[in-house]
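# Reading the structure
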Amino acid sequence: MNYIEGLRQDTAQLPNGMVFNARIKFMERICQALRNKQLPRYHFPQLQLSENEIKAYMENNIQLDEIEYQAMSAHLEEFDHDLGEFRTYLQTRFGYWATITQDFVEQFPELFPNQVFLELMAGNGYLSKGLRDLGVKSYCTDDLSWSKHDQTGNQRVTEVESLDALQALEKYGQNVDTVLLAWSPDREDVDYRVLQKVRELGVNFLVIGEKYGATNSKEFWDNAELIDDPKIDELNKYYSRYDLVHDQVYSVK
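Residues numbered from 1 in each chain as written. Predicted model: local features only at pLDDT ≥ 70, side-chain atom pairs only at ≥ 80, totals over all residues. Heavy atoms only, no water.

### Structural notes on the pattern of salt bridges
Considering all chains together, one arrives at 13 salt bridges under this definition. Here Asp-247 makes a salt bridge to Arg-87, at a shortest N to O gap of 3.9 Å. Of this pair, Asp-247 sits in the loop between helix H12 (230–236) and strand E7 (248–252) while Arg-87 sits in helix H5 (residues 86–94), and the two are 160 residues apart along the sequence. Here Asp-247 matches Arg-87 in class, with each residue buried. A salt bridge links Arg-193 to Asp-189; the nearest nitrogen and oxygen atoms lie 3.3 Å apart. Exposure remark for Asp-189: the relative accessible area of 39% places this residue in the partly exposed category. Via salt bridges that share partners, Arg-8, Lys-25 and Glu-28 belong to a single interconnected network. (Salt bridge = Lys/Arg side-chain N within 4 Å of Asp/Glu carboxyl O. Helix = DSSP H or I, 4+ residues; strand = E, 2+ residues; numbered from the N terminus. Buried < 20%, exposed > 50% of the residue type's maximum accessible area, 1.4 Å probe, protein only.)

### As for the nonpolar core
Membership of the largest hydrophobic core comes to 50 residues, with the highest contact counts inside it found for Phe-86, Leu-90, Ile-100, Phe-104, Phe-108 and Ile-208. For Leu-90, the contacting residues outside a window of four places in its chain are Ile-30, Cys-31, Leu-34, Phe-44, Gly-95, Tyr-96 and Tyr-242. Ranked by size, the runner-up nonpolar core spans 24 residues in total, among them Leu-163, Tyr-172, Val-179 and Ala-224. (Core = buried A, V, L, I, M, F, W, Y, C linked by side-chain atoms within 4.5 Å. Contact = heavy atoms within 4.5 Å.)

### Some points on the pairing of strand E5 (residues 204–209)
Across the six residues that make up E5, a large majority, five, are buried. By the bridge criterion, five bridges tie strand E4 (residues 178–182) to E5 in an arrangement that is parallel. Each bridged residue has a counterpart across the sheet, and for Leu-180 the counterpart in E5 is Leu-206. Each parallel crossover has a hand, and for E4 linked through helix H10 (residues 190–201) to E5 it is right-handed. Note that E5 and E7 share four bridges and pair antiparallel. (Pairing = 2+ DSSP bridges. Right-handed = clockwise from strand over helix to strand, strands pointing away.)

### Description of the packing of helix H1 (residues 3–12) against helix H2 (residues 21–35)
The description of two helices packed together rests on the angle between their axes and the distance between the axes. Orientation of H1 relative to H2, taken along the N-to-C sense of each, is 170°, at an axis distance of 10 Å. Overall, the two elements H1 and H2 adopt an arrangement that is roughly antiparallel. Contacts from Tyr-3, Ile-4, Leu-7, Arg-8 and Thr-11 of H1 reach H2 at Ile-24, Met-27, Glu-28 and Cys-31. Split into classes, the residues belonging to the contact of H1 with H2 amount to six nonpolar, one polar and two charged. (Axes fitted to C-alpha atoms, helices over the stretch in contact; angles between N-to-C directions. Parallel < 35°, antiparallel > 145°, perpendicular 65-115°, else oblique. Nonpolar A, V, L, I, M, F, W, Y, C, P; charged D, E, K, R; others polar.)

Everything listed is a geometric property; what it means functionally is a separate question.
Here's what the structure looks like:
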């Protein structure tokens, strides 16, 4: 049984569980796009149940007897827990870490016209694929070290040049306007070394991550100068924040 089928099984145990069908259908479309090596079309809404949704659903089923009500409550909690596992499923099944969607990527040529990009530690290359599909020049690089033990680098959606982050900066840094880094691991300090090199080059640096959270090293966040920029604010309107992880786009110097 796959993840989406598991969600449908969860709702089959709930009274009037079809009220959650639209949410599951949206998630299914995301998975279908990724299976087809395409980007999901739209940024994700909040997928876990809000307190108001839980309250309303339970109030709508207040007529159940005590045993049925307790069973409903337990099944609803299980369903909400499984919704919260969507990010982990996307990471393990597709190597899809940053939530790159078509409507998000479409903002780049609008907000940063005529720029050339260099994506570091690109994994399967979702961000560069989106840019390239729009005719935007993006050098896509990764040393593919993660491909030895998971799907990151094993399900590439565009051509990824085998270079580590510092090698890529050395090769392409003087030929680009903006360096992109999405979901750098939180237990490696290569991101801080990247930050130092980017400063030497004097190029723009856009980072997708969660500050002092799921991504990037403490050393990086301690030293990163985060720049207020209306363009980044606009870009973040299209970046998905759909669960308890609060990642976003930062302009870093």
